[in-house]
Amino acid sequence: MPTTPAQQSDLIRLAVEGDSDAFGALIHPHLSLFHHGIYRILANHQDAQDALQDGLLAIYRGLPRFEGRSQFSSWAYRICINAALMHRRSSRRYVEKNASDFPSLDPEEEHPNPMETLPEVAAASEAYNQLEHRELRDKLMETLALLPPSQREVFVLRDIEDWSTEDIATQLGVTTLVVRQRLHRARDFICARLQPYFLRVP
Amino acid sequence: MTPFPFPPCKEVHESLTELMEGSAPLYKRLMLRLHLAFCDACRPAYLAFLAMRRVGPKLLLPPADSPREAEDALKAVLKRVEQDRSEKKIKG
C-alpha cells in the first residue's frame, strides 16, 4: 500500500533505528520496481535476486545518509541499479582484490544526476496490462536476454532508464564512444528482431 | 569538397545512434537526414529506433506485484536487519 510522505519519513526514522518491520513497510511498495529494474539489466532470476538483496542491504545501510533531496523511491532505485551493475562486474570476475575500486552504491554520494525521472509503480499497471503491448513487451524481454551483457546494460541504462551517455560511461568506466557503439549494436540487434512490431506502434 | 559527402546506406545505418544522440556535426546530420528522407531502406530502421526509444520505457514498466524471488530477497534482508539489531542490543 502506498505511503504518504509523512508516513514515509516516520518509516525511515524507525528503520534507521533498526526496526525491520518499518524497513519492510518502507520497501514493499517499491519492491516490484526495484526488482524489475535489476532484472532488466541482469536478465537472470537468480542473479536478480542476489543483486536485489545486495541493493536492499545497501539501502538499509545508506538510510542514515538519506537526506531527502530526492524521493526515497528514486534514491533507493538508483542504489538497486548500481547493485545490478556491481553484480554484473563481479560476475565477470572484476572483483578480485579491492572492493574499494568500485563506486559507492549511494547515488547521493557518487552520482550527480537528478533522480526525478523514475517510472512510478502507480503508473505501471495500466500500461503493463494493455493487451496490445503484451506481445511486444514479451518479445523485448526475450530479445534483451539474448543481448551480450555489456550491450544490454548500456541499452537499459540509456533507452529505458534514460541515463546520459556520459553518466553511463563514467559508471561503467568506458569512453562515451564505447557506450555509443554498444548502444548502437544493441539497438540494431533489437530492431532487427522487432522492427515490424515497433513500426506498428502508433 | 564537402566535409561529409552524401552518405551511403551502410554509413547512415551505422550513424543512426549518433544522429539520435545529436553528437554528429550539423553538416553530417543534415546529410543523414536528407538520406533518410529519400531512402526507403533506411527510413524504417530509423523510425523503429525512434519508436523503440519512445515505447521501450513504457513496455518495460514493472508488474504491479513483485515476484516471489523479490519477496524472498526482502525477507532475507529483513532477517539480517533483525540479526544486526539483536547483536547491537547484546553488545549495548
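Residues numbered from 1 in each chain as written. Chains lettered and ligands numbered in written order. Predicted model: local features only at pLDDT ≥ 70, side-chain atom pairs only at ≥ 80, totals over all residues. Heavy atoms only, no water.

It is worth spelling out the interface of chain B and chain A at this point. At the interface, 43 residues of chain B touch 52 residues of chain A. Both sides of the chain B and chain A interface together cover about 4400 Å² of buried area, and 67% of this is carbon and sulfur. When the buried surface of chain B facing chain A is broken down by residue, B:Met52, B:Leu59 and B:Leu60 rank first, second and third, together holding 17% of it. Put simply, chain B and chain A have 4 salt bridges between them. With a shortest N-O distance of 3.1 Å, B:Arg53 and A:Asp162 are connected by a salt bridge. (Contact = heavy atoms within 4.5 Å. Buried area = accessible area lost by both parts, 1.4 Å probe. Salt bridge = Lys/Arg side-chain N within 4 Å of Asp/Glu carboxyl O.)

Helix length check: helix H4 (residues 45-62) of chain A, at 18 residues, gives a terminal C-alpha distance of 25 Å against a target of 26 Å (1.5 Å per residue), a fit within 8%. Looking only at H4(A), the buried set comprises A:Ala48, A:Gln49, A:Ala51, A:Leu52, A:Gly55, A:Leu56, A:Leu57, A:Ala58, A:Ile59, A:Tyr60 and A:Gly62. Where H4(A) is buried, its residues meet helix H1 (5-16), helix H2 (20-27), helix H3 (31-42) and helix H5 (72-91) of chain A together with helix H5 (68-91) of chain B. The opening residue of H4(A) is A:Asn44, an N-cap whose side-chain oxygen sits 2.9 Å from the backbone nitrogen of A:Gln46. (Helix = DSSP H or I, 4+ residues; strand = E, 2+ residues; numbered from the N terminus. Expected span 1.5 Å × (residues − 1). Buried < 20%, exposed > 50% of the residue type's maximum accessible area, 1.4 Å probe, protein only. Polar contact = N/O pair within 3.5 Å; in protein donor to acceptor, adjacent residues only side chain to side chain.)

Under the defined criterion, the tally for this structure stands at 16 salt bridges over all chains. A salt bridge links A:Glu17 to A:Arg13, with the shortest nitrogen-to-oxygen separation between them at 3.9 Å. We note a salt bridge from A:Arg158 to A:Asp162, for which the minimum N-O separation is 3.7 Å. Put simply, A:Arg158, A:Asp159, A:Asp162, A:Arg180, A:Arg187, B:Glu21 and B:Arg53 are held in one network by salt bridges that share partners.

Before going further, it helps to spend a moment on the nonpolar core. Formed by 77 residues in total, the largest nonpolar core has its most connected members in A:Phe34, A:Ile59, A:Phe72 and A:Phe198. Those residues in contact with A:Phe198, other than ones at most four positions away along the chain, are A:Leu136, A:Leu140, A:Ile190, B:Ala48, B:Ala51, B:Met52, B:Val55 and B:Leu59. (Core = buried A, V, L, I, M, F, W, Y, C linked by side-chain atoms within 4.5 Å.)

Attention shifts here to the side chain of A:His30. All names here are of chain A. Looking at the element boundaries, His 30 is found in the loop between H2 and H3. Judged by its relative accessible area of 10%, His 30 is buried. In contact with His 30, not counting residues within four places along its chain, are Gln 8, Phe 72 and Ser 73.

Take the confidence of the model for chain A next. Residues and elements named next belong to chain A. In this model, chain A carries a mean pLDDT of 80, and residues with pLDDT of at least 70 account for 77%. Considering only residues more than four positions removed or in separate chains, one finds that residues 94-104, a stretch of pLDDT under 50, has 14 contacts. This model gives residues 108-129 a pLDDT under 50, and the stretch forms 49 contacts once residues within four places in sequence are excluded. (pLDDT = per-residue confidence, 0-100.)

On to the confidence of the model for chain B, then. Taken as a whole, chain B shows an average pLDDT of 86; of its residues, 95% reach a score of 70 or greater. Both confidence scores are given for the complex: pTM 0.76, ipTM 0.78.

Where nonpolar side chains cluster on the molecular surface, the patch consists of A:Leu199, B:Leu47 and B:Leu50 and spans about 240 Å² of accessible area. Classification of B:Leu50 by relative accessible area gives partly exposed; the value is 36%. (Patch = residues over 30% accessible without salt bridge, like charges linked within 9 Å, V, L, I, M, F, W, Y side chains within 5 Å. Areas by Shrake-Rupley, 256 points an atom, 1.4 Å probe, with all protein chains shown as cover.)

The interhelical angle for the contact between helix H9 (residues 149-160) of chain A and helix H4 (residues 42-59) of chain B, taken along N-to-C directions, is 90°, at an axis separation of 9 Å. When the interaxial angle is binned, H9(A) and H4(B) end up roughly perpendicular. For the pair H9(A) and H4(B), the contacting residues are A:Phe155, A:Arg158, A:Asp159 and A:Ile160 in the first and B:Met52, B:Arg53, B:Gly56 and B:Pro57 in the second. (Axes fitted to C-alpha atoms, helices over the stretch in contact; angles between N-to-C directions. Parallel < 35°, antiparallel > 145°, perpendicular 65-115°, else oblique.)

Next up on the list: the packing of aromatic side chains. Residue and element names in this part refer to chain A. The tally for this structure, following the rule as stated, stands at 5 aromatic pairs over all chains. Arranged with centres 5.9 Å apart and planes meeting at 85°, the rings of Phe 66 and Phe 72 form a pair that is edge-to-face. Exposure class is identical for Phe 66 and Phe 72. Each is buried. Members of the aromatic cluster, joined through ring pairs, are Phe 66, Phe 72 and Trp 75. Above the ring of Trp 163, the side-chain terminus of Arg 78 is found at 3.7 Å from the ring centroid. (Phe/Tyr/Trp six-rings, centres within 6.5 Å; stacked < 30°, edge-to-face > 60°. Lys NZ or Arg CZ within 6 Å of the ring centre and 35° of its normal.)

This paragraph deals with H5(B). Taking 1.5 Å per residue as the helical rise, H5(B) with its 24 residues ought to reach 34 Å, and the 35 Å between its terminal C-alpha atoms agrees with that figure. Among the residues of H5(B), B:Glu69, B:Ala70, B:Ala73, B:Leu74, B:Val77 and B:Val81 are the ones counted as buried. Buried positions along H5(B) lie against H2, H3 and H4 of chain A.

The next thing to look at is the state of the cysteines. Residue and element names in this part refer to chain B. Overall, the coordinates contain 0 disulfides over all chains when judged by the stated rule. In this structure Cys 42 is a free cysteine whose sulfur lies 3.7 Å from that of Cys 39, the closest cysteine sulfur available. Assessed through its relative accessible area of 6%, Cys 42 is described here as buried. (Disulfide = S-S within 2.5 Å.)

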